[in-house]
Amino acid sequence: MHREIESMLIYLSMIDSLEGKQKFEVIYIKYRQLMFYIANKILMDAKDSEDVVHDSFLKVIEIIDKIIDPESPQTRALIVTITENKAIDLYRKHKSKKVVLFDEEYLGVPDQDVLRSVEDVDLFTKAMAALPNRYRDVLLLRYSHGYTVEEISDILSMKPENVKKTIQRARKKLGEILEAEGW
């Protein structure tokens, strides 16, 4: 407990505004365990997962002024997206060094059979869920959360040109999925 408070104080010292500190404190307390859980599901290594949580918090500090309500579903989705991407980046970095069992389900990508068995889910939601993780992330950040290409670039550590191209490819893929389903 003492170590967590100490860590939070270090992060808070990196934020200039009182409002930013208050938002970060809520985010830290509310999402730290979720962030560790997400990272650990991907990496299956507690030390690496702690590193991912740390890197994710540093990214949150960079964009804290853009977060309006730290307890909103949009903020939760943003935190999950940042953590997943940081964990995937570390996974890829270590991929050549060690073998880690990896399951797409841990990244929030449901199994196709699960999607087909859920009757109440509308077609668009199914199509979004069928998209590759990176495509879904950029579309959600852009159209659901309203982030600019530059902000998405910063959040996902991608070049703006790559973000634009990924959005373009994601929209095309989403259109293909919807068209195949008769929409």
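Residues numbered from 1 in each chain as written. Predicted model: local features only at pLDDT ≥ 70, side-chain atom pairs only at ≥ 80, totals over all residues. Heavy atoms only, no water.

Undergrad: Looking at this structure, I do not really get the overall build of the protein chain. What am I missing?
TA: Counting its secondary structure elements, the protein chain contains nine helices and zero strands. Tracing the protein chain from N to C terminus, the helices and strands come up as α-α-α-α-α-α-α-α-α. Long-range contacts, defined as pairs at least 24 residues apart, comprise 66% of the intrachain contacts of the protein chain with a sequence gap of at least 6. For the protein chain, the computed accessible surface area is about 11,100 Å², with 51% contributed by carbon and sulfur atoms. (Helix = DSSP H or I, 4+ residues; strand = E, 2+ residues; numbered from the N terminus. Contact = heavy atoms within 4.5 Å. Areas by Shrake-Rupley, 256 points an atom, 1.4 Å probe, with all protein chains shown as cover.)

Undergrad: Teacher, can you tell me more about the packing of aromatic side chains here?
TA: For any two aromatic rings, the description comes down to two numbers: the centre-to-centre distance and the angle of the planes. Overall, the coordinates contain six aromatic pairs when judged by the stated rule. Between Tyr 11 and Phe 24, the ring centres sit 5.6 Å apart and the planes meet at 55 degrees, which makes this aromatic pair tilted. A residue pair is termed long-range when its members are at least 10 positions apart, and Tyr 11 in helix α1 (residues 2-13) and Phe 24 in helix α2 (residues 18-43) qualify at 13 residues. Exposure class is identical for Tyr 11 and Phe 24. Each is buried. Relative accessible area serves as the criterion here: at 8%, Tyr 11 is assigned to the buried category. Taken together through their ring pairs, the aromatic side chains of Tyr 11, Phe 24, Tyr 28 and Phe 57 make up a single cluster. (Phe/Tyr/Trp six-rings, centres within 6.5 Å; stacked < 30°, edge-to-face > 60°. Buried < 20%, exposed > 50% of the residue type's maximum accessible area, 1.4 Å probe, protein only.)

Undergrad: Even after reading the chapter, I still don't get the nonpolar core, so can you show me in this structure?
TA: Side chains of nonpolar character tend, in soluble globular proteins, to be buried together. Counting residues in hydrophobic clusters, the biggest one holds 37 residues, and the most contacted among them are Phe 24, Ile 27, Phe 57, Val 60, Leu 78, Ile 152 and Ile 155. Elements with a minimum of two residues in this core: α1, α2, α3 (46-62), α4 (73-95), α6 (123-130), α7 (133-144), α8 (149-156) and α9 (160-180). At six residues, α9 tops the list of elements feeding residues into this core. Not counting chain neighbours up to four residues away, the residues in contact with Ile 155 comprise Lys 59, Ile 63, Leu 78, Ile 82, Leu 141 and Tyr 147. Counting residues in hydrophobic clusters, the runner-up holds ten residues, among them Ala 39, Val 52, Ile 88 and Leu 90. (Core = buried A, V, L, I, M, F, W, Y, C linked by side-chain atoms within 4.5 Å.)

Undergrad: Looking at this structure, how should I read unusual backbone geometry?
TA: Note: most residues except glycine have negative phi, and most peptide bonds are trans. In the Ramachandran plot, Met 44 falls in the positive-phi region, its phi being about 55 degrees despite a non-glycine side chain. In this fold, Met 44 is placed in the loop between α2 and α3. Phi is positive for Ser 157, which is not a glycine, with a value near 55 degrees. Among the structural elements, Ser 157 can be located in the loop between α8 and α9. We classify Ser 157 as partly exposed; its relative accessible area is 45%.

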